[in-house]
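Coordinate inspection notes
Below, each chain spelled out in residue letters.
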Amino acid sequence: MVLAPAPVFACVEAVAPPRPLFLLDPGGRRLDQAVARELAASAVGGGGFSLLCGRYEGFDQRIHDHLADGALSVGDVVLAGGEVAAMAVIEAVTRLLPA
């Protein structure tokens with residue numbers, strides 16, 4: 001079961017989160033220190049970024065194709081949802097932000 005696109009699109013449009021918007025997805029760009037540095041730099045100089053967490057089997061392909069700006073992965077682990085992965089991204093990035 002994947003998340004249907006209509007409610008996700010409606011939610012993102014209603015909130016208008018900072019861009020880029022990254023999906024937490026096992027097929028995404030693997031989070032490492034270099035990616036964390038890039039995200040920290042965008043958070044400081046570019047207004048930030050947003051994370052969209054999935055559940056079940058992930059996202060409908062239309063969300064990948066038409067809503068998200070990219071996807072991030074925390075590696076070869078099996079998680080029930082993207083919340084723990086999002087916390088790992090947040091932890092890796094916030095420790096690099098200037099005090």
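Only a predicted model underlies this, so the values are computations on that prediction, with no experimental measurement involved. (Residues numbered from 1 in each chain as written. Predicted model: local features only at pLDDT ≥ 70, side-chain atom pairs only at ≥ 80, totals over all residues. Heavy atoms only, no water.)

Here's the deal with a nonpolar patch on the surface
Selection criterion: Patches here are clusters of residues that have more than 30% relative accessible area and form no salt bridge, with a 9 Å joining cutoff for like charges and a 5 Å cutoff for nonpolar side chains (Val, Leu, Ile, Met, Phe, Trp, Tyr). The accessible surface values rely on the Shrake-Rupley method and a 1.4 Å probe; as for residues, cover is taken only from the protein chains in view. Put simply, a salt bridge is a Lys or Arg side-chain nitrogen that is within 4 Å of an Asp or Glu carboxyl oxygen. Numbering of helices and strands starts at the N terminus; helices are DSSP runs of H or I of at least 4 residues and strands are runs of E of at least 2. Exposure classes here rest on a 1.4 Å probe applied to the protein chains alone. A residue is buried below 20% of its type maximum, exposed above 50%, and partly exposed in between.
Taken together, Val77, Leu79, Val84 and Met87 make up a surface patch of nonpolar side chains, about 360 Å² in accessible area. Position of Val77 among the secondary structure elements: in the loop between β3 (70-73) and α4 (83-94). Overall, Val77 belongs to the partly exposed group, its relative accessible area being 48%.

Some points on the pattern of salt bridges
If you walk through the whole model with that rule in mind, you get four salt bridges. For Arg19, the salt bridge is made with Asp69, and the minimal N-O distance between the two is 2.7 Å. Pair noted here: Arg19 is in the loop between α1 (5-15) and β1 (21-30) and Asp69 is in the loop between α3 (61-66) and β3, with a separation of 50 residues, a long-range link. When its relative accessible area of 40% is taken as the criterion, Arg19 is described as partly exposed. Taking relative accessible area as the criterion, Asp69 reaches 46% and is therefore assigned partly exposed.

Notes on the packing of aromatic side chains
Put simply, the rule is: Planes of paired rings set the category: under 30 degrees apart is stacked, over 60 is edge-to-face and the rest tilted, where pairs are Phe, Tyr or Trp rings (Trp by its six-membered ring) whose centres lie within 6.5 Å.
A full pass over the atoms with the stated rule returns one aromatic pair. An angle of 65 degrees between the planes, with centres 6.2 Å apart, marks the rings of Phe22 and Phe49 as edge-to-face. On the criterion of sequence distance, the pair formed by Phe22 in strand β1 and Phe49 in the loop between α2 (33-45) and β2 (50-52) is long-range, its members being 27 residues apart. Across this residue pair, the class does not change: Phe22 and Phe49 are buried.

Notes on α2
So the rule is basically this: What a helix should span is 1.5 Å times the count of its residues minus one. Summarising the geometry, the arc corresponds to the directions from the helix axis toward the C-beta atoms. Under this definition, polar contacts are N or O atom pairs within 3.5 Å; protein pairs additionally need one hydrogen-donor-capable and one acceptor-capable atom, and for neighbouring residues in sequence, both atoms have to be side-chain atoms.
Look at α2: 18 Å from first C-alpha to last across 13 residues, which is about the 18 Å you get at 1.5 Å a residue. Looking only at α2, the buried set comprises Val35, Ala36, Leu39 and Ala40. When α2 is viewed along its axis, its buried side chains cluster within an angular range of 135 degrees and face the same direction. The outward face of α2, more than 90 degrees from its buried face, is lined by the exposed residues Arg37, Val44 and Gly45. The backbone nitrogen of Ala34 has a side-chain oxygen 3.2 Å away, supplied by the residue at the start of α2, namely Asp32. Once α2 finishes, Gly47 follows within two positions and takes phi at roughly 95 degrees, a positive value.

Remarks on the sheet that holds β1
The condition is simple: By definition, two strands form a pair when at least two bridges between them are found by DSSP. Axes here mean lines fitted to C-alpha atoms, for a helix over just the part in contact, with angles spanning 0 to 180 degrees between N-to-C directions. Note on contacts: a residue pair is in contact if any heavy atoms of the two residues lie within 4.5 Å.
Read across the open sheet, the three strands follow the order β2-β1-β3; overall the sheet is parallel. On the outer flanks of this sheet lie β2 and β3, each paired with one strand and no other. Taking the axes of each pair of neighbouring strands and ignoring which way they run, one obtains an average angle of 60 degrees across the sheet. As paired elements, β1 and β3 share five bridges and run parallel to each other. Bridge pairing links Leu24 to Leu72 in β3. Packed on one face of the sheet, α2 meets β1 and β3 and runs near 170 degrees to β1.

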